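Results of the structural survey
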Amino acid sequence: MLDLSKISSTADSGLERRLPPAFEGLDLNFCRNPTCASYGVPPDPFKRPNGAPPAPPGVLRGEVSGAKHAEFFQCPTCNKTARIKNNRAVWEEYQRLKRLQEFDPTVPSCRSKDCFAHGMSPDEHPEFYRRYGRTANGDPRFQCGLCKKTFSIGKPARRHLRSDKNRVIFKMLCNDVSLSKICKITDTSYRDLYGKIDFFHDQIQAFIAQREDFGRVDFGEVGSRFATDSQTLMLNWPTKRKRTPVAVQHLCTAHHRSGYIMEAAFQFDPSMTMEQAEAQSLAADEDDVSVAFRQHARVWTQSEFDQYLFKLRKQKKIPDTELYQLPHDGALVRYDVLQCAHALRVREMLSGTDVPLLLMMDDDKGLQLAFHAAFVDEIQERRADLAVVSFDKGMTNDARNQVVAAGQSLLAGLTGTPISAIRELPNEDYAQLVDFASYMLVAGWPMDKGKRFAFSRKSEPNKVVRIPTWRQGQSPMSAARLLRRATLRSVDSYFHKFRSNVRFAARPAISAGSTGHVWDKHYLYKPGMMGNPPRF
């Protein structure tokens, strides 16, 4: 991803590293301040004590300091700091997310998961198969030449006795109907319902793998604004011995105009267990090694998670009643690793376009730095801007209406247009009027410091927009447009639909008699059941 040729000549010098090595060409450890002259420039990764060879001419140095597991790099140009990331862990998580979207479970192949030919279709690998007649319905049957198992190829629902129920069951699953009620309404057994859920999951995953090709999308025509945010999903605690919540982050990026979910990921890997994560950590003997330099640093281990909670409790950052626990099935991915991998996935999807991008996100510093690191080339070439959006989420409906009315009054005063006429304007004319009024308010204002949008919509009252990629010399009209266009409505709309229509994703309800503990009869016990979220 980055050119490391300047410092590669010292790789065999025997010096101790202060920054982790690049992995598969990926290196995220550099200044992540987009307005800095050293932004995206790889610093010297080696410690150079007295008597050691100096850094090559022109190579950036800077300081690396901080406690173990919390080291950061301080840029010598702008003095901004950035946490050191484990490049290997980010690359592994990036590959996992990529496989989730590209794997097609419906590809006809040997059904035995232990067979070498599993996942290899007869069309692409005819050497592994031979024709074995047809089924009673006339579907072609094949036999694996390695394990001698047979399988047939036909319509996806050919083995369903009640395939007419599929559509209505799928709609009810995505519209807040419990499993027990689905069984009663459709006269379906739990066993058949669970089988259909697995069937729906495979078909959706196959649809994404076969048809999702962003290289064919003209983002100049459909719009090039993307909103990124996360929500916390709660799980029921698996045992009565430890009644503390299990929280998993759900990270999404949505296309603004269409609301299409470009990438969605859970902070959870069902392919491995906590026991396997602990065994990997013990085998590598990395307890005394910083997380940034470890070979296995993608997921939490139980011992590390307990130490982390103990540290937070000691610093009084969280009370004892709000401690969390790891899922009992699967492994919890480190959230900063997931953020970086998610940003890399979004960059990969948009790599084929040359139109200006506007990447909008919540006021989460870790998420911002992840996108700063992933979109280095686009930001440096001024083909991408980042917008950090925040607003008053807890306002009542009446308070929101008051904010909107105050904005319309201000707009009328600045432009001389009556409020009644403003309310009747078409969207395009209203946008031009708002840009003209905002131009007068933002002229000369540094947008990297943040600016309140005076004409807020009801969905985002008292919106404040900060452009960390803002450069000196950009026009006030450009700032006015960015102030209006920066919004999280697309991803927030998806989160609202997801929480409203999928029962296990509803906001946690805390009862007065449970001492603040979170538990709900519709929540899941196994996070692996979350799978890939539906794309509304």
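Residues numbered from 1 in each chain as written. Predicted model: local features only at pLDDT ≥ 70, side-chain atom pairs only at ≥ 80, totals over all residues. Heavy atoms only, no water.

1. Considering the packing of aromatic side chains
One pass over the full model with this rule turns up 16 aromatic pairs. Ring plane angle 75° and centroid distance 5.2 Å describe the contact between Phe170 and Phe200, whose orientation is recorded as edge-to-face. Here Phe170 is found in helix 3 (residues 166-173), whereas its partner Phe200 is found in helix 5 (residues 190-211), with 30 residues between them in sequence. Taking the relative accessible area as the measure of exposure, Phe170 reaches 32% and is therefore partly exposed. Relative accessible area serves as the criterion here: at 9%, Phe200 is assigned to the buried category. Ring plane angle 70° and centroid distance 6.2 Å describe the contact between Phe214 and Tyr260, whose orientation is recorded as edge-to-face. Taken as a pair, Phe214 in the loop between helix 5 and helix 6 (219-222) and Tyr260 in the loop between strand 8 (246-255) and strand 9 (261-266) lie far apart in primary sequence, 46 residues in all. Using a relative accessible area of 14% as the deciding quantity, one classes Phe214 as buried. (Phe/Tyr/Trp six-rings, centres within 6.5 Å; stacked < 30°, edge-to-face > 60°. Helix = DSSP H or I, 4+ residues; strand = E, 2+ residues; numbered from the N terminus. Buried < 20%, exposed > 50% of the residue type's maximum accessible area, 1.4 Å probe, protein only.)

2. Quick notes on the packing of helix 3 against helix 5
Packing of helix 3 against helix 5 leaves a shortest axis separation of 11 Å and a crossing angle of 85°. Taken together, the axes of helix 3 and helix 5 lie roughly perpendicular to each other. Of the residues in helix 5, those in contact with Asn166, Ile169, Phe170 and Leu173 of helix 3 are Leu193, Lys196, Ile197, Phe199, Phe200 and Ile204. In terms of residue class, the contact of helix 3 with helix 5 is made up of eight nonpolar, one polar and one charged. (Axes fitted to C-alpha atoms, helices over the stretch in contact; angles between N-to-C directions. Parallel < 35°, antiparallel > 145°, perpendicular 65-115°, else oblique. Contact = heavy atoms within 4.5 Å. Nonpolar A, V, L, I, M, F, W, Y, C, P; charged D, E, K, R; others polar.)

3. Quick notes on the nonpolar core
Counting residues in each nonpolar core, the largest one holds 52 residues, and the members touching the most others are Leu411, Phe455, Phe498 and Phe504. The element that contributes the greatest number of residues to this core is helix 14 (residues 427-442), accounting for five residues. Excluding residues that lie within four positions of it along the chain, Leu411 makes contacts with Gly416, Ile422, Tyr430, Leu433, Val434, Ala437 and Phe455. Counting residues in each nonpolar core, the second largest holds 45 residues, with Val90, Met262, Val337 and Leu357 among its members. (Core = buried A, V, L, I, M, F, W, Y, C linked by side-chain atoms within 4.5 Å.)

4. Looking at the confidence of the model for the protein chain
When the pLDDT values of the protein chain are averaged, the result is 88; 93% of them are 70 or greater. Segment residues 1-12 is flagged for pLDDT under 50; beyond a separation of four residues in sequence, or across chains, it makes 25 contacts in the model. (pLDDT = per-residue confidence, 0-100.)

5. Here's the deal with the sheet that holds strand 6 (residues 150-152)
Across the sheet, three strands lie side by side as 4-5-6; this open sheet has antiparallel pairing. Two strands lie at the open edges of the sheet, namely strand 4 (129-134) and strand 6, each paired on one side alone. Averaged over all pairs of adjacent strands, the angle between their axes in this sheet comes to 30°, without regard to strand direction. (Pairing = 2+ DSSP bridges.)

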